[in-house]
Amino acid sequence: MATSRAPLRFVEAVSSTVAESRRAGFFFDFDGTIAPIMRDPGAVFPVAGAVERLRALAGLVGRVAVVSARPAAFLRDRFSGVPQVRLFGLYGMQTVVDGQVRTDAEAEPWAPVIRRLAADAARDLPGEVLVEDKALLVALHYRAAPALRGAVERWASAKAAELGLREQHGRMVVELRPPVEGDKGTVISRETETLTRAWYFGDDLSDGRAFDALRCREERDPAFMGVRVAVANGETGDELARRADFTVDSPEDTPVLLDQVISAFPGHPPMALTLDG
């Protein structure tokens, strides 16, 4: 693990979290953080041991959540066995409450615009570009043809200007979404208001907003400790790693790091890495 900020050591971050466990929280991005990046987004599941570790954490700390660009219904399916984990989809435009998906009232009227946009993208862009329609967000994946990045970005920028949408660039993807206030940073700011310790794990540019939210909270409240963990990758991970307190090398390493945290709690020996059942 590497750190970009000398004052915070891993053992201190863990012990401080254990000491304030009921007012501590752990927040995770999904793709590239606790799940692999794949060309087929629908085929992605959490890495071995991830769900098990989130379940264990949920019994030890005050809050555990997944904050993702994925639709909330997708997250609900992947984390059906851990209902105590909070789920925020589409950058917080959707949440799961008592098993039901709730959509932000300001974002919902944009659904017809996004639906037309998805149809336009499928018609206008080369077939190698995967157009993922998420109802309130369109993701344009060029992982199968990286050379098309420029064409995808130009098309997305033109459409964003035409329709008044927001762009979000990520790992081999450009996303277009409604111009409503809200991102991973605003979710983290809201969810950590009553916490004194908060960890955020991410791998992509959008996760930088969550890192910023933790740092801003630290500046306002000296008693608060934010821990930023980046999952390294050759696409966007280097930039995020420079802003992180600690890094891991892959999503498969996230459960390993979480084991170190969980085993620091009294009566919790390290867990065996097994497939979640």
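Numbers given for residues are sequential positions, taken from 1 along each chain in its written order. This being a predicted model, a pLDDT of at least 70 is required before a residue's local features are given, and a value of 80 or more before pairs of side-chain atoms are given or counted; all residues contribute to the totals for chains, interfaces and linings. For side-chain calculations, the full set of non-hydrogen atoms in the structure is used, while hydrogens and water are omitted.

**Student:** What is the right way to read the side chain of Glu191 from this model?
**Tutor:** We count a stretch as a helix when DSSP gives it H or I for four or more residues in a row; a strand needs E for two or more, and each element gets its number in order from the N terminus. Assignment of secondary structure puts Glu191 in helix H6 (residues 184–191). Here a residue-residue contact requires only that any non-hydrogen atoms of the pair lie within 4.5 Å. Excluding residues within four positions of it along the chain, Glu191 makes contact with Phe27, Arg63, Arg86 and Phe88.

**Student:** How do you make sense of the confidence of the model for the protein when you look at a structure like this?
**Tutor:** Keep in mind that low pLDDT regions are not for reading the predicted coordinates in detail. The predictor reports its confidence for every residue as pLDDT, a score running from 0 up to 100. Averaged over all residues, the pLDDT of the protein equals 92, while 94% of them reach at least 70. Overall, residues 1–6 carries pLDDT values under 50, and its contacts beyond four positions in sequence, including any with other chains, amount to 23 contacts. Across residues 273–277, confidence stays below pLDDT 50; counting only partners more than four residues off in sequence or on other chains, it has 16 contacts.

**Student:** I keep staring at the sheet that holds strand S8 (residues 166–170) and nothing clicks. Help me out?
**Tutor:** One key point about sheets: their strands pair by backbone hydrogen bonds, in either a parallel or an antiparallel sense. Here, any two strands with at least 2 DSSP bridges between them count as paired. Spatially, S6-S7-S9-S8 is the arrangement adopted by the four strands of the open sheet, whose pairing is antiparallel. On the outer flanks of this sheet lie strand S6 (130–133) and S8, each paired with one strand and no other. For this sheet, the mean angle separating the axes of adjacent strands, direction not counted, is 20°. Of the strand pairs in this sheet, S8 and strand S9 (residues 173–177) are connected by five bridges, and their pairing is antiparallel. From the neighbouring strand, Glu167 faces S9, where its bridge partner is Leu176. Fitted lines through C-alpha atoms give the axes, limited to the stretch in contact for helices. The angle between two N-to-C directions lies from 0 to 180 degrees. Packing of helix H4 (residues 111–124) onto the sheet brings it into contact with S6, strand S7 (138–141) and S9, and relative to S6 it is tilted by some 170°. Sitting on the sheet, helix H5 (residues 149–163) is in contact with S7, S8 and S9, with an inclination near 10° to S9.

**Student:** How do you make sense of H6 when you look at a structure like this?
**Tutor:** Structural remark: α-helix, 3.6 residues per turn; residues separated by three or four positions point the same way. Partly exposed residues are those whose accessible area sits between 20% and 50% of the maximum for their type, while under 20% is buried and over 50% is exposed, using a 1.4 Å probe and protein chains only. What H6 keeps buried is the set Lys184, Gly185, Val187, Ile188 and Glu191. Projection of H6 onto a plane perpendicular to its axis shows the buried side chains occupying an angular sector of 160°, all on one side. For the purposes of these results, a polar contact is taken to be a pair of N or O atoms within 3.5 Å, where, inside protein, one atom must be able to donate a hydrogen and its partner to accept one; residues adjacent in sequence count only when each atom of the pair is a side-chain atom. Here H6 starts with a cap whose side-chain oxygen sits 2.8 Å from the backbone nitrogen of Gly185, and that cap is Asp183. Picture the helix axis, draw a direction to every C-beta atom, and the arc is the one those directions span.

**Student:** What am I meant to see in the sheet that holds strand S1 (residues 24–28) here?
**Tutor:** As summarised here, the arrangement of the eight strands in space is S5-S4-S3-S2-S1-S10-S11-S12, forming an open sheet in which the pairing is mixed. The open sheet has two free edges, formed respectively by strand S5 (100–103) and strand S12 (246–248), since each of these has just one partner strand. Averaged over neighbouring strand pairs, the angle between their axes works out to 20° when direction is ignored. Inspection of the sheet shows strand S11 (residues 225–231) paired to S12 by three bridges, in the parallel sense. Counted as the bridge partner of Val229 is Phe246 from S12.

**Student:** Which parts of the structure should I look at to understand the nonpolar core?
**Tutor:** Looking at soluble globular proteins, one finds that nonpolar side chains tend to be buried together. Counting 42 residues, the largest nonpolar core has Phe79 and Trp199 as the members making the most contacts within it. For this core, the leading source of residues is helix H2 (residues 50–58), giving six residues. If we skip the residues at most four places from it in the chain, Trp199 touches Phe10, Ala13, Val14, Thr17, Gly25, Phe26, Phe27, Val227, Val229, Leu257 and Val261. Among the buried residues, those of types Ala, Val, Leu, Ile, Met, Phe, Trp, Tyr and Cys that are joined through side-chain atoms within 4.5 Å form a nonpolar core. Membership of the second largest hydrophobic core comes to 19 residues, among which are Ala118, Ala121, Val152 and Ala156.

**Student:** Mind showing me how you'd approach the packing of aromatic side chains here?
**Tutor:** We describe a pair of aromatic rings using the distance from one ring centre to the other and the angle between the two ring planes. Put simply, two rings from Phe, Tyr or Trp (the six-membered ring, in Trp's case) pair if the centres are within 6.5 Å, and we call them stacked under 30 degrees between planes, edge-to-face over 60, tilted for the rest. For the structure on display, the rule yields eight aromatic pairs. Aromatic side chains Phe30 and Phe74 sit 5.6 Å apart centroid to centroid with 80° between the ring planes, which places their arrangement in the edge-to-face category. Of this pair, Phe30 sits in the loop between S1 and H2 while Phe74 sits in helix H3 (residues 72–78), and the two are 44 residues apart along the sequence. The pair Phe30 / Phe74 is uniform in exposure class, with both members buried.

**Student:** Even after reading the chapter, I still don't get unusual backbone geometry, so can you show me in this structure?
**Tutor:** Among all residues except glycine, the phi angle is most often negative; among peptide bonds, the trans geometry is most common. A positive phi angle, near 75°, is found at Ala135, a position not held by glycine. Counting through the fold element by element, Ala135 comes out in the loop between S6 and S7. Under the relative-accessibility criterion, Ala135 is labelled partly exposed at 44%. Backbone geometry places Met172, a non-glycine residue, at a positive phi of 60°.

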